[in-house]
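Single-letter residue listing:
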Amino acid sequence: MPGLGQQSVRDRNESAWLLPNDGTRTNHGLRRDMRRFDDSDEIDMVIVGCGAGGSVLAQRLARAGWRVAALDAGPFWDPDADWVSDEAGSHQLYWTEPRVIGGSDPVPMGSNNSGRGVGGSMVHYAGYTPRFHPSDFSTYTADGVGADWPLDYTDLRPYYTAIEQELPVAGEQWPWGDPHGYPYRPHPVGGNGEIFLRGADKLGITAKVGPVAIVNGRFGNRPHCIYRGFCLQGCKVNAKASPLITHIPDALARGAEIRAHAMVTQIVVDQRTGRALGVHYLRDGREHFQRARMVAVAGYSIETPRLLLNSASRRFPDGLGNDFDQVGRYLMVQGAPQTAGRFDAEVRMYKSPPPEVSSEEFYETDPAKDYKRGFAIQTVSPLPITWAEHVAAQGHWGAALREYMSDYVHWSCLGSLCEFLSQPDNRVTLAEEKDSHGLPVARFDYSQCDNDRALVKAAQSVMEDILHAAGADEVITIKRYAHLVGGARMAADETRGVVDRNCRSFAVPNLYITDGSVLPTQGSANPALTIMAVAARAADRLACGG
């Protein structure tokens, strides 16, 4: 792998140097002059979705000389014009199209698990980018739960390293999983991080600063983080990494097309050859068909299964690639409880990136516990509207709610990511309800198992202990979910999954899936880095002819 220097990164991905250096955030010339294909052109690859997986795939293949177009249902964001330092004003960043939820533990769809527009949900993620652990790739063999991947950690290690350099990631030397370092030094710690470190130290729990994909120092034409705390609303200064600034500029410069406001409705397969021919999409109120030699779907764990199911045909009456009823199954979320503690001194938890400090000490299966797998803990810093939701969930309204809100600067908040297990009946199907385009919307049914509930209980207990050890005189917890993955998982054969180890469909040889839906397990780590690494690996295989 290349070294850690900026020049070695620039040699393979020039995005950071293609951004303006005049105080603006967007290279409008690149967008204006980008290559544009006609629908009648048979391009090499049409990519559905331009988030973590789609953007990396587009950039890598464009670098390899492929004729690539990435279609996204949302807009091509301009950080200067479109993003605001305001929670309510950032609602447009989320995918708010209708979805039906069910099961015994329904999962709300919204700001913490769904994105809209070029860059996807990484536009409004917190920037936290841990790796999966080696154990995540063989949970069934080691622990009797979840599933084994058809590849292992070593297959992704070089891609983790490369993507960490391109984002780039800042953090301390990481002692968990496969111990490793990061390209940039850790950021200074604010009040929330100091409390986590203090409480963890008193309990003998190891905690580290990072890893976050937020520039700590200048990187190309991207500036240092200014610690304004609005990471979840879109970073107006371009310090936080998202595909919009880390991979799309280079893709455009290398001849890729990014086609925004293009809602893909169906993948078309030749009934005689069984190969994908291209995609139907809607744009500006008109129906289009883009021809392509290959198709890749990178739409998200809800929209990818939905598209496959909506692409039913005479050859695939139950949905594209669904001969063995695997499409939409094994969808996973992470249990993401948040525990807040009140301190006499002001904390001002908003004065820094939300993910400052974290611990993966409880990540692996502990034979002494009555549950399998584990959880991670990190600082989170809800802004006032989200904090009001946190407080209201405790039953506080009226005068009590106002009192808690006026006390906001005295609170610290920790969040956990719990590895909920894959289950076949946690799945996406098509609902009877139709969207504005007349297409069936996704129905997502989700139910927790006993192991899931035990993990949440254990994580909450540890977070409460840390905050009390740091001096909190009151703690409150809200239970929530985050980070959907699965739904079109990779597997060793077609009876257990939708794609192979290289993200190629078992059923359609020129159809690929390169988003989080292919992950067989989710670990206790935020998935963005792993999605990008998987997509980069798939691109390498494609560029090399298989």
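Overview of the structure. (Residues numbered from 1 in each chain as written. Predicted model: local features only at pLDDT ≥ 70, side-chain atom pairs only at ≥ 80, totals over all residues. Heavy atoms only, no water.)

1. Remarks on the side chain of D435
So, step 1. Locating D435 in the fold gives a position in the loop between β14 (427–434) and β15 (440–445).
So, step 2. Looking at D435, the relative accessible area reads 10%, which means it is buried.
So, step 3. Of the polar contacts made by the side chain of D435, one reaches the side chain of R306; its length is 2.6 Å.
So, step 4. A distance of 2.8 Å separates a polar side-chain atom of D435 from the backbone nitrogen of H437. (Helix = DSSP H or I, 4+ residues; strand = E, 2+ residues; numbered from the N terminus. Buried < 20%, exposed > 50% of the residue type's maximum accessible area, 1.4 Å probe, protein only. Polar contact = N/O pair within 3.5 Å; in protein donor to acceptor, adjacent residues only side chain to side chain.)

2. Remarks on the packing of aromatic side chains
So, step 1. What the rule picks out here adds up to 16 aromatic pairs.
So, step 2. On the numbers, 6.2 Å between centres and 75° between planes, the contact of F137 with Y153 is edge-to-face. Here F137 is found in the loop between β3 (100–102) and α6 (139–143), whereas its partner Y153 is found in helix α7 (residues 153–166), with 16 residues between them in sequence. Each member of the pair F137 and Y153 is classed as buried.
So, step 3. Between Y184 and F219 the ring centres are 6.3 Å apart and the planes differ by 85°, which places this aromatic pair in the edge-to-face class. You can see Y184 sitting in the loop between α7 and α8 (191–203) and its partner F219 sitting in the loop between β4 (208–209) and α9 (243–246), a full 35 residues away along the chain. Grouping residues by exposure puts Y184 and F219 together as buried.
So, step 4. In this structure an aromatic cluster arises from ring pairing among F132, F137, W149, Y153 and Y160.
So, step 5. For the cation-ring pair, R293 lies above W66, with the distance from its terminal atom to the ring centre recorded as 4.9 Å.
So, step 6. Taking the ring centre of Y330 as reference, the NZ or CZ of R489 above it sits at 3.6 Å. (Phe/Tyr/Trp six-rings, centres within 6.5 Å; stacked < 30°, edge-to-face > 60°. Lys NZ or Arg CZ within 6 Å of the ring centre and 35° of its normal.)

3. Looking at empty space enclosed by the protein
So, step 1. Considering all chains together, one arrives at eight cavities of 30 Å³ or more under this definition.
So, step 2. A volume near 100 Å³ is recorded for the largest cavity.
So, step 3. What lines the largest cavity is a set of 13 residues, among which T26, N27, R31, L244 and P249 lie closest to the centre.
So, step 4. Those elements giving two or more residues to the lining of the largest cavity turn out to be α3 (28–32), α9 and α10 (248–253).
So, step 5. Element by element, the count of residues in the lining of the largest cavity is highest for α10, at three residues.
So, step 6. For the lining of the largest cavity, the residue count by class is nine nonpolar, two polar and two charged.
So, step 7. Its boundaries defined by the atoms lining it, the second largest cavity holds a volume of some 80 Å³.
So, step 8. C225, Y227, R228, C231 and C235 are, among the 14 residues lining the second largest cavity, the residues nearest its centre.
So, step 9. By residue class, the composition of the lining of the second largest cavity is ten nonpolar, two polar and two charged. (1 Å grid on protein atoms, 1.4 Å probe; cavity = no way out; pocket = protein on both sides within 12 Å on 5 of 7 lines; lining within 4 Å. Points joined across faces, edges and corners; volume = space filled by probe spheres on them. Nonpolar A, V, L, I, M, F, W, Y, C, P; charged D, E, K, R; others polar.)

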